[in-house]
Amino acid sequence: DGKGLRQLNERKAFVKAQSSCTFYTIEEQEELQKRLHYLDLEIKQRFDVCICQAASALVTSFVKKIELNLNESNVLEQYAEIGYLIQFESLLSTHGNEIGMLGDMDVAVKSLSNFYFKLIPLITPTDV
């Protein structure tokens, strides 16, 4: 049973479904709400750690590509037109604790679709 983000989100959905059932006592409902709260905190903390690593990889890759293609206006125009494509690869398996790491990677990489780069022209003292 992995403790990756994907697995934690699945567990949260299960506990949330349980808490919507009417046949639990008030004490059991309170316990389920407490479990939901702790799952939320664990998911948020784990997401913060994972997204930092994924975003660092994205930014490093993007900056290097810009440096390599600085004089290639067609490449920069392509990035402006269709965006920057990045590929992630993993050599993890689905055995043991690695399933949790894959779950973390899955959520973090999917979240990168919400990231945008804004390139602005460099203003030098001679431009002013």
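To be clear, the structure that these remarks concern was listed above.
Keep in mind that this is a model prediction, so the values were computed, not measured.

J.: Which residues make up the pattern of salt bridges, and what values go with them?
T.: Tallied over the full model, the rule gives 6 salt bridges. For Glu42, the salt bridge is made with Lys3, and the minimal N-O distance between the two is 3.1 Å. In this pair, Glu42 is assigned in helix 2 (residues 26-68) and Lys3 in the segment before helix 1 (5-19), connecting sequence segments 39 residues apart. The partly exposed category is assigned to Glu42, whose relative accessible area is 27%. Classification of Lys3 as partly exposed rests on a relative accessible area of 44%. Across the pair Arg6 and Asp106 runs a salt bridge whose closest N-O atoms are separated by 3.2 Å. Here the residue Arg6 occupies a position in helix 1, and Asp106 occupies one in helix 4 (residues 98-111), the gap between them amounting to 100 residues.

J.: Explain a nonpolar patch on the surface to me, using residue names and the numbers behind them.
T.: Nonpolar side chains collect at one region of the surface, where Val59, Val63, Phe117 and Leu119 lie side by side and expose about 340 Å² of accessible area between them. Mapped onto the elements, Val59 comes out in helix 2. For Val59, a relative accessible area of 38% gives the class partly exposed.

J.: Tell me about helix 1, residues and numbers included.
T.: For helix 1, which comprises 15 residues, the first-to-last C-alpha distance of 21 Å matches the rise-based estimate of 21 Å (1.5 Å per residue) to within 8%. Every buried residue of helix 1 is accounted for by Leu5, Gln7, Leu8, Val15, Gln18 and Ser19. Taken end-on, helix 1 shows its buried residues confined to a sector of 155°, consistent with a single buried face. Exposed positions of helix 1 whose direction lies more than 90 degrees from the buried face are Phe14 and Lys16. Each element contacted by the buried residues of helix 1 is listed here: helix 2 and helix 4.

J.: Outline the side chain of Gln29, supporting the account with residue identities and numerical values.
T.: Relative to the helices and strands, Gln29 resides in helix 2. Excluding residues that lie within four positions of it along the chain, Gln29 makes contacts with Ser19, Cys21 and Tyr24.

Calculation rules
- Residues numbered from 1 in each chain as written.
- Predicted model: local features only at pLDDT ≥ 70, side-chain atom pairs only at ≥ 80, totals over all residues.
- Heavy atoms only, no water.
- Salt bridge = Lys/Arg side-chain N within 4 Å of Asp/Glu carboxyl O.
- Helix = DSSP H or I, 4+ residues; strand = E, 2+ residues; numbered from the N terminus.
- Buried < 20%, exposed > 50% of the residue type's maximum accessible area, 1.4 Å probe, protein only.
- Patch = residues over 30% accessible without salt bridge, like charges linked within 9 Å, V, L, I, M, F, W, Y side chains within 5 Å.
- Areas by Shrake-Rupley, 256 points an atom, 1.4 Å probe, with all protein chains shown as cover.
- Expected span 1.5 Å × (residues − 1).
- Arc of directions from axis to C-beta.
- Contact = heavy atoms within 4.5 Å.

By themselves, these are just geometric observations and shouldn't be taken as functional.
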